[in-house]
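Architecture at a glance
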Amino acid sequence: MKLKPNWITGACMAACGVMVANSAQAQFTSTTICNFQNFNLSAVYANWDVSGSQPISGGSGYTPTITSGTTPGSYEIQAEAYGSGAFNFASALNVAGATEVALTFTLNSDMAITPGGNDFLGPNFDLSDGTHQVQYSGYAHYPGTGTYTITAAIGSLDVTDITAFNLEMDPAGYGYTTPYDITYNSLALLTPTAVPEPTTVTLGAIGLAGLIIARRRPKAC
């Protein structure tokens, strides 16, 4: 007994639809762990030390200014040369399943980016769990004012036990005698969620329809 070509076509379409339906496009759910609202670092170091208790390293004596606003994403630091600060969570955070971390910030001034200037900066940051700290590098070219996001793989961090984070700023190409102005907007962890692609759903439906139509045809010997 031979199968009619339409039955073979319908069966192939169904099989293809099932195979493609198994593929998915990765998307992410964002969990904000700090929106920098009414925010203050637990400790500041080097040229972010507004109190002046730390010696200025390589700078020209510029006095840093740190402003904590009442709206999200309003923690602004104006400083020069390398600076950093740490923040300790009141209790450890559990963001199980997260695979990436994203820091969003705004450069409010491009005073160092003049003809012949250098826009290479290092707005790096770290995350800590109960046992160790992981650094995420943000070294890149930042061409002028604007909002930027650094996204990195979580690495060896235990996302079920996040205890602290550090912010750092290495002016790098700016040099150590040119002030910078940066506002921190948000720090978030990204958790993948599998969402079927539209084409996947379409192909699966076509394959199923082909199978149903083919089965309705009378059998032939």
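Residues numbered from 1 in each chain as written. Predicted model: local features only at pLDDT ≥ 70, side-chain atom pairs only at ≥ 80, totals over all residues. Heavy atoms only, no water.

**A word on the overall build of the protein chain**
For the protein chain, the count of helices and strands is 2 helices and 13 strands. In the protein chain, which comprises 221 residues, the proportion classed as buried is 38%. Considering only contacts in the protein chain between residues 6 or more positions apart, those separated by 24 or more positions represent 80%. Roughly 11,500 Å² of accessible area belongs to the protein chain as shown, and the carbon and sulfur atoms make up 57% of that amount. (Helix = DSSP H or I, 4+ residues; strand = E, 2+ residues; numbered from the N terminus. Buried < 20%, exposed > 50% of the residue type's maximum accessible area, 1.4 Å probe, protein only. Contact = heavy atoms within 4.5 Å. Areas by Shrake-Rupley, 256 points an atom, 1.4 Å probe, with all protein chains shown as cover.)

**Considerations on the pairing of strand β8 (residues 125-129)**
For β8, the buried fraction is high: 5 of the 5 residues fall into the buried class. Because side chains alternate across β8, one face comprises the buried residues F125, L127 and D129, and the other comprises D126 and S128, equally buried. For β8 and strand β9 (residues 133-136), the ladder comprises 4 bridges, and the chain directions are antiparallel. Looking at β9, one finds that D126 is bridged to Q135. Where β8 hands over to β9, the hairpin turn is made up of 3 residues, counted between the paired strands. Relative to strand β12 (residues 162-169), β8 is paired through 5 bridges, and the arrangement is antiparallel. (Pairing = 2+ DSSP bridges.)

**Thoughts on the sheet that holds β12**
The strand order β2-β5-β12-β8-β9 describes an open sheet built from 5 strands, whose pairing is antiparallel. Two strands lie at the open edges of the sheet, namely β2 (43-46) and β9, each paired on one side alone. Going from strand to strand, the sheet's axes swing by 20° on average, the running direction of each strand aside. (Axes fitted to C-alpha atoms, helices over the stretch in contact; angles between N-to-C directions.)

**Thoughts on the nonpolar core**
One broad rule of soluble globular proteins: the nonpolar side chains tend to lie buried together. Of all hydrophobic cores here, the largest spans 39 residues; its most connected members are F36, L127, F165, Y184 and L187. Considering every element that reaches this core, the biggest residue donor is strand β13 (residues 180-195), with 5 residues. (Core = buried A, V, L, I, M, F, W, Y, C linked by side-chain atoms within 4.5 Å.)

**Some words on unusual backbone geometry**
The phi torsion at F36 lies on the positive side, around 60°, for a residue other than glycine. Within the fold, F36 resides in the loop between β1 (25-34) and β2. According to the relative accessible area criterion, F36 is buried, its value standing at 0%. The phi dihedral of A172 is positive, around 45°, even though this residue is not glycine. Assignment of secondary structure puts A172 in the loop between β12 and β13. On the basis of relative accessible area, A172 is assigned to the partly exposed category, the value being 26%.

**Describing the environment of T29**
Mapped onto the fold, T29 is located in strand β1. Residue contacts for T29: discarding those within four places in its chain leaves L189, L190, T191 and T193.

**With respect to the side chain of N166**
Among the structural elements, N166 can be located in strand β12. Since its relative accessible area comes to 15%, N166 is described here as buried. In terms of polar contacts, N166 uses its side chain to reach the side chain of Q133, at 2.9 Å. In this structure N166 touches G85, A86, F87, F125, D126 and Q133, once residues within four positions along its chain are discounted. (Polar contact = N/O pair within 3.5 Å; in protein donor to acceptor, adjacent residues only side chain to side chain.)

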